[in-house]
Every structure is written in structure tokens, then in C-alpha cells.
Amino acid sequence: MAQILLLLLFSIQLLPTDGASPKEEVLRIVEAARGVYRDESKTPPYLANSIIVVAANSAYFPIYKNWAMHARVLGLKWIVIAMDHGIYDMIGEKYAIMADVNIPGESTFRQPNFNMISCEKKNAVRKIIEYTNVDVIFSDVDNVWVKDPLAPERSLGRLIQSGFYDYIFQMNLPPSAHPEGDPNYCRDDGQCKQPSEANTGFYFLSNKKNSAWIALLKKVEEVCIQKPEVDDQTNFWKGVIQHIQNTDDENSVQYSGSGNFLRKMYCEGRAIANPGVFHMCNMNPYEHPTGKLDYARDWSTYHANWCVGSAEKIERLKVAKAWRVD
């Protein structure tokens, strides 16, 4: 029954609000958000084709409001994927896209509504890149941006500016300084071992290999439908990414025009033009910490995860002095 419900939800289109087609609705909102900075003269070339996307429902509106207050100070603009009609009405059609679900309440980790919302975030991003040619910077709203992570001197900004990577992601666990057999090992400069599962609440997606990305995200949707008891993070990493084998030679990958990623490479520090190779790298975990701040250094973002419920998230943000809402 749960699989049937998810299949129905993922088959619905993003809801137009003014008689426009779903594609026209996305194009209108994306165009307004392109370039990420409200002052277009401040947009560097490497972000000219990027948009910032967040997602929330009405239960998380205070946490979204806090995220937005920080983002406004940084001069940013963004799109909201509204996970229920309540938050859509609060934000308005100028900045929000109504998702394929309508789940207004607070959801607990790995419960059906939580998994449905998390998988829908991937579905909405897939539609954005399918309808447009933009690069996507996605952030959960409990991942607060205190300093601009897109600036060229910051980890994420530097990696985006390089133009090397199809996917830049946030690590999910505190880094370990012990390389021997530790899957969470990260060097002092922030480059980590390739993880078996990382965070899907903060990432950059380059749209250069559009058809392969669309195919990959459709596969994630299929896995979400097959495994509704699991959230998008595990379905993305363990259900899809782990099944793409590594390669150390992109020239050995014979791309047949199938529109799929055939092999993957990790933090090579150079451009990988082969459209069949998925090239990914991690953000510096010391600049982009998750859970707690005890290992952070000169951090620009903080993801208040590894806790249950909005009240605990708010408390963590207050401890981090990253809570602006009265």
C-alpha cells in the first residue's frame, strides 16, 4: 500500500498556480532566482547559471524563516519547494513551487511522512533540471548559512568555481583524523575518503551532464518507491551511487549515448569531460559541520541534524548562536 501511495505521489506534476503549465511555472521562478545574488553585479561567472533551492513545510516555517533571515543578510535569493499548501501560501507563488505532496505536520526520522518528504525533494530537483539548464545548490533549512559558502575562498565556492565536479556534497559524520580503516577519515585540508553514505541535505549539482543526472534521479525515485521505509539519503547513496563502480581512468569508459553514469570518480582535482563518468567530491567538513560544532573551524554553514524534531534543532541553532527568530 505504501508503495502504491508513493507511486501516485511521484506521478503528479508540480502544481501550477495561475493556469501556467508545470514547466512554465518552474521556468518563471527559476529565471528570477538564477545567479543566486539579489544584486546581479555581485554574481561571479561560476554562479551565473546556479540557483539556490530549499524545501520546507508549514511545521518547519520558523526554521525556514531563520534560514531565510541569514540568507537575506548574505544578499542571496532562492526558491522554496513547498511541501504543503500552508507554507506555499505563506511564501507565495513568486518564490515557491508547490511540490507533489501536501504534508503539513512535523515528521520524525524514518517515519513514512519523513521518507516521503525527503524523497520528494529529489523529485522536485529532478524536475527543475529537466525543465531548465541550471545548476542547483540545495540546502535543508536547518543547514544555516552564517557566512557565504559560495564565496571563492570558501570550500564549496572554491569547488564550484573549479568546474571539475558533477556533485559536491556535505559529509554526514564528524571527520576522523585516523586514516587506518576509518571510513570517516578526512585530511586536515578537508578532503575525505569516499563515503558509503553522505548527507543529502546540502549539495551542489552541476547540470552539464543533464541526461545522466535525470536518469540517476529517476532511479532514486524508483528506489524510493521500492523502499518507502527508507529516506532519500540512504536510497540515493546505497540504492544508487554505490552501484556505480569506481574507475581511475575515464578514457576506459565507453559512453554509448545511453544517458547514464557508467562509472564514478572521486575528488580528482581536474575536469572529467566524459559524460558517462560521475565526478563527485566532498565539501570541507570543518567549514560545513553537521550535528555538533566541536570539530568545526571557521565554519560558514552549520547543519543542525543528528537530533529529532524541530525543538531540538532550534536548541542546537541557539547554542551555535545561529538562531535569529524571536
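The present account deals with the structure reproduced in this document. (Residues numbered from 1 in each chain as written. Predicted model: local features only at pLDDT ≥ 70, side-chain atom pairs only at ≥ 80, totals over all residues. Heavy atoms only, no water.)

This next bit is on the layout of surface pockets. Size it by volume and the largest pocket reaches roughly 800 Å³. Around the largest pocket, the lining comprises 34 residues; the ones closest to its centre are Phe114, Lys121, Asp140, Asp142 and Lys313. Top element by residues in the lining of the largest pocket is helix H5 (residues 112-131). It accounts for 4 residues. Class assignment for the residues of the lining of the largest pocket results in 11 nonpolar, 14 polar and 9 charged. Counted as a void, the second largest pocket has a volume near 380 Å³. Here the lining of the second largest pocket takes 5 residues from helix H3 (residues 61-73), the largest share from any one element. Its residues placed into classes, the lining of the second largest pocket shows 12 nonpolar, no polar and 6 charged. (1 Å grid on protein atoms, 1.4 Å probe; cavity = no way out; pocket = protein on both sides within 12 Å on 5 of 7 lines; lining within 4 Å. Points joined across faces, edges and corners; volume = space filled by probe spheres on them. Helix = DSSP H or I, 4+ residues; strand = E, 2+ residues; numbered from the N terminus. Nonpolar A, V, L, I, M, F, W, Y, C, P; charged D, E, K, R; others polar.)

Below, the discussion takes up the pairing of strand E4 (residues 135-140). Counting buried positions along E4 gives 6 out of 6 residues, so the element sits mostly inside the fold. Burial along E4 is two-sided: the face carrying Asp135, Ile137 and Ser139 and the face carrying Val136, Phe138 and Asp140 are both buried. Of the strand pairs in this sheet, E4 and strand E7 (residues 199-205) are connected by 4 bridges, and their pairing is antiparallel. In the strand pairing of E7, Ser139 is matched with Phe202. (Buried < 20%, exposed > 50% of the residue type's maximum accessible area, 1.4 Å probe, protein only. Pairing = 2+ DSSP bridges.)

Honestly, it's all geometry; don't read function into it.
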